[in-house]
Amino acid sequence: MNTIKVGNKVLIIGSGLGGLSTALRLTTHGYEVEIIEKYHQAGGRLNQLKKDGFIFDIGPSFFSMSYEFTELFDYCKIKNPLHMNELNPIYSVYFSGKKEPYQIHKELHKLAQEFAAIEPDFEAKAKRYLEKAGSIFHDTENVIIKRNYDNLLQYAMALMTVPLKHGPMLFRSMWTELERNFDSEDVKVIFSLVAFFLGSTPFDTPAVYSLLNYTELKHDGYWNIQGGMYKIVEEIQKLLIERGVKFHFNTEITQIEQKAGKISAFIDASGKKWSADIFVCNSDAAAFRGKVLGRKAFSEEKLAKKHWTLAPFTIYLGVKGKIKDLHHHNYFLGSNFKQYADNIFKLSVNPEKPYYYVNASSKSNPDCAPEGCENLFILCPVPDRRFKKEWDDREQLADTILKDMSERIGFDLIENRISQTIYAPDDWESMFNLYQGSGLGLAHGLDQVAALRPKNKDEEFDNLYYVGASTIPGTGLPIVVIGSKLVTERILKDNE
Ligand SMILES: Cc1cc2nc3c(=O)[nH]c(=O)nc-3n(C[C@H](O)[C@H](O)[C@H](O)COP(=O)(O)OP(=O)(O)OC[C@H]3O[C@@H](n4cnc5c(N)ncnc54)[C@H](O)[C@@H]3O)c2cc1C
């Protein structure tokens, strides 16, 4: 590591993965870094809950593009301290009314056996579909996604380098593309689940995003971390402390102090001033500009008109007994996919037949639960608080989900429940300042990506930068890590 440079003090607001990985890169370049965090511990959405002898990862449970973590540690000249495990089968999918789940294997010949009864010739069809999706991924990864933009012209020029053959995929929906390739409704539904991560439905997500099917099934697959996802935070925090980085928890930035086109200090809720030479904001890049900087372009009215990803409704459940046949990663889906997708973003009441994801991490990390018990993380995507403000009925929705799941797995979760914590969208909003509780931040429609996403350098203050889910390149763990590289490049360019 280089020695600390005088006059290069950086204050990072937020200790999410974006803030932590930026801190790691900047200390590698000799910057002195201090981190201010609203929550009581580091990690942001990548956080941990310990209760009643159970340990839960509260948000992310797997990730794609594992090589971005390798790149981060290589960049910082550190041996990767994370033990990454590839998932295979990557997940199980339960459809209501069908007893057996589909196992989603990474090997297409095995997946073809799963779908043998419903999709003849699956392997050849999937190869064709994924080949096209793969060429979109490789034709855009470096030229569109992994780069900074100074203006729209640069973006237009970058788009012109993408082969014209991908053009039609901008104008047709992901669902239409799936219909052109597959016949089975179940196969189309399974392949289209990735659209929800982007903040949309497969019916209005452009087909270019089929590249996500390529990343999960063909390219690098899905990974998790031995010992739990929170190890990512613990390991990076440990390295930062060794490098002299100071953390201040339970401290929320609410105001600014400015001088001659620069931020001179951020001010916390108690009135304390935090000064530095350079500031990096890891709080939501759109909401922070509106709420703390008072920017008109991000006023409440303008924020409300943007497209946001769904909010999480999460249950952390400790149960007595071992649940046979349940795998580590599971999706529980209904039989009314189109209707569900059409309504889910705007519902003002709890869904009657919720779709949800279940992670049983004690299946591969026995230390997460007391002996003979299981810890379950249940995530049900729901509308953000623009559509359903109050969540006093959280217990009812939790019970609806637990009853449904109990019937489908043949294990009474309510009877055997020994620990339960629920985070509804209002909790997510107040814990991490997530806009209206939106779980993944700004959506990734074509109007909110690349140069059209809130920039990672402030429009007015010369020494203020952004990193995280709602700036470039976007949301998801590896993407936020890429974002930390992009913002570091900007800071180095402006200050070296
Ligand atoms: C339930 C859930 C499940 C998910 N699952 C996955 C998954 O499986 N795989 C995946 O890749 N991604 C997943 N994601 C997305 C992933 O968690 C995010 O994209 C990523 O963690 C975002 O990191 P970030 O750096 O943008 O910031 P955050 O995690 O949002 O961190 C920002 C930090 O800033 C702090 N902060 C905000 N405002 C202030 C302020 N004014 N003053 C001080 N501190 C402030 C917050 O408290 C927070 O700690 C999931 C998200 C959720 C919510």
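1. Looking at the overall build of the protein
Link 1 in the chain: The secondary structure content of the protein amounts to 17 helices and 19 strands.
Link 2 in the chain: Here the C-alpha radius of gyration of the protein, 22 Å, is about what a compact globule of 496 residues would show, namely 23 Å.
Link 3 in the chain: For the protein, the spread of C-alpha atoms along the principal axes amounts to about 65 × 55 × 45 Å.
Link 4 in the chain: Across the 496 residues that make up the protein, the buried fraction comes to 48%.
Link 5 in the chain: In the protein, 71% of the contacts between residues at least 6 apart in sequence involve partners at least 24 apart.

2. Here's the deal with the site of the ligand
Link 1 in the chain: The ligand sits among 36 residues. The nearest are G14, G16, G18, G44 and G468.
Link 2 in the chain: Contributing elements (two or more residues each) for the shell around the ligand: helix 1 (17-28), strand 14 (311-320) and helix 17 (477-495).
Link 3 in the chain: Top contributing element to the shell around the ligand by residue count: helix 1, with 3 residues.
Link 4 in the chain: Residue composition of the shell around the ligand, by class: 16 nonpolar, 16 polar and 4 charged.

3. Considerations on the environment of F191
Link 1 in the chain: For F191, the location among the structural elements is in helix 8 (residues 185-192).
Link 2 in the chain: The buried category is assigned to F191, around which 26 C-beta atoms lie within 10 Å.
Link 3 in the chain: The spatial distance from the C-alpha of F191 to the C-alpha of L217 is 9.8 Å, given a sequence separation of 26 residues.
Link 4 in the chain: Residue contacts for F191: discarding those within four places in its chain leaves L178 and N213.

4. Notes on the packing of helix 7 (residues 174-181) against helix 8
Link 1 in the chain: It is the contact of helix 7 with helix 8, at a shortest axis distance of 10 Å, that shows an interaxial angle of 140°. Considered as vectors, helix 7 and helix 8 are oriented oblique to each other. Every pair of crossing elements has a handedness; the one defined by helix 7 and helix 8 is right-handed. Judged by residue contacts, M174, W175, L178 and E179 of helix 7 engage K188, F191 and S192 from helix 8.

5. Looking at the domain arrangement of the protein
Link 1 in the chain: What the domain assignment reports for the protein is domain 1 (9-49 + 63-84 + 228-305 + 444-495) and domain 2 (107-220).
Link 2 in the chain: Relative to domain 2, the C-alpha centre of domain 1 lies at a distance of 29 Å.
Link 3 in the chain: Opposite the 16 residues of domain 1 that make contact, domain 2 presents 17 residues.

6. As for the sheet that holds strand 10 (residues 253-259)
Link 1 in the chain: Strands sit in the order 10-11-12 across an open sheet of 3 strands; the sheet is antiparallel. Because the sheet does not close on itself, it has two edges, and the strands there are strand 10 and strand 12 (273-275). Across this sheet, the average inter-strand angle for adjacent strands is 30°, counted without regard to direction.
Link 2 in the chain: Alignment of strand 10 against strand 11 (residues 262-268), held across 6 bridges, turns out to be antiparallel. Within strand 11, the residue paired with I253 across the bridge is D268.

7. Focus on the pairing of strand 6 (residues 91-95)
Link 1 in the chain: Relative to strand 7 (residues 102-104), strand 6 runs antiparallel, the two being bridged by 3 bridges. Residue V93 lies in a different strand from strand 7, and its bridge partner there is Y102.
Link 2 in the chain: Hairpin connection between strand 6 and strand 7: a loop of 6 residues separates the two successive antiparallel strands, and G97 in this loop has a positive phi of roughly 90°.

Cut-offs applied
Residues numbered from 1 in each chain as written. Predicted model: local features only at pLDDT ≥ 70, side-chain atom pairs only at ≥ 80, totals over all residues. Helix = DSSP H or I, 4+ residues; strand = E, 2+ residues; numbered from the N terminus. Rg over C-alpha atoms; globule rule 2.2 N^0.38 Å. Buried ≥ 20, exposed ≤ 12 C-beta atoms within 10 Å, placed from the backbone. Contact = placed C-beta atoms within 7 Å. Near = placed C-beta within 6 Å. Nonpolar A, V, L, I, M, F, W, Y, C, P; charged D, E, K, R; others polar. Axes fitted to C-alpha atoms, helices over the stretch in contact; angles between N-to-C directions. Parallel < 35°, antiparallel > 145°, perpendicular 65-115°, else oblique. Left-handed = near helix turned anticlockwise from the far one by under 90°. Domains from an automatic or database assignment. Pairing = 2+ DSSP bridges.

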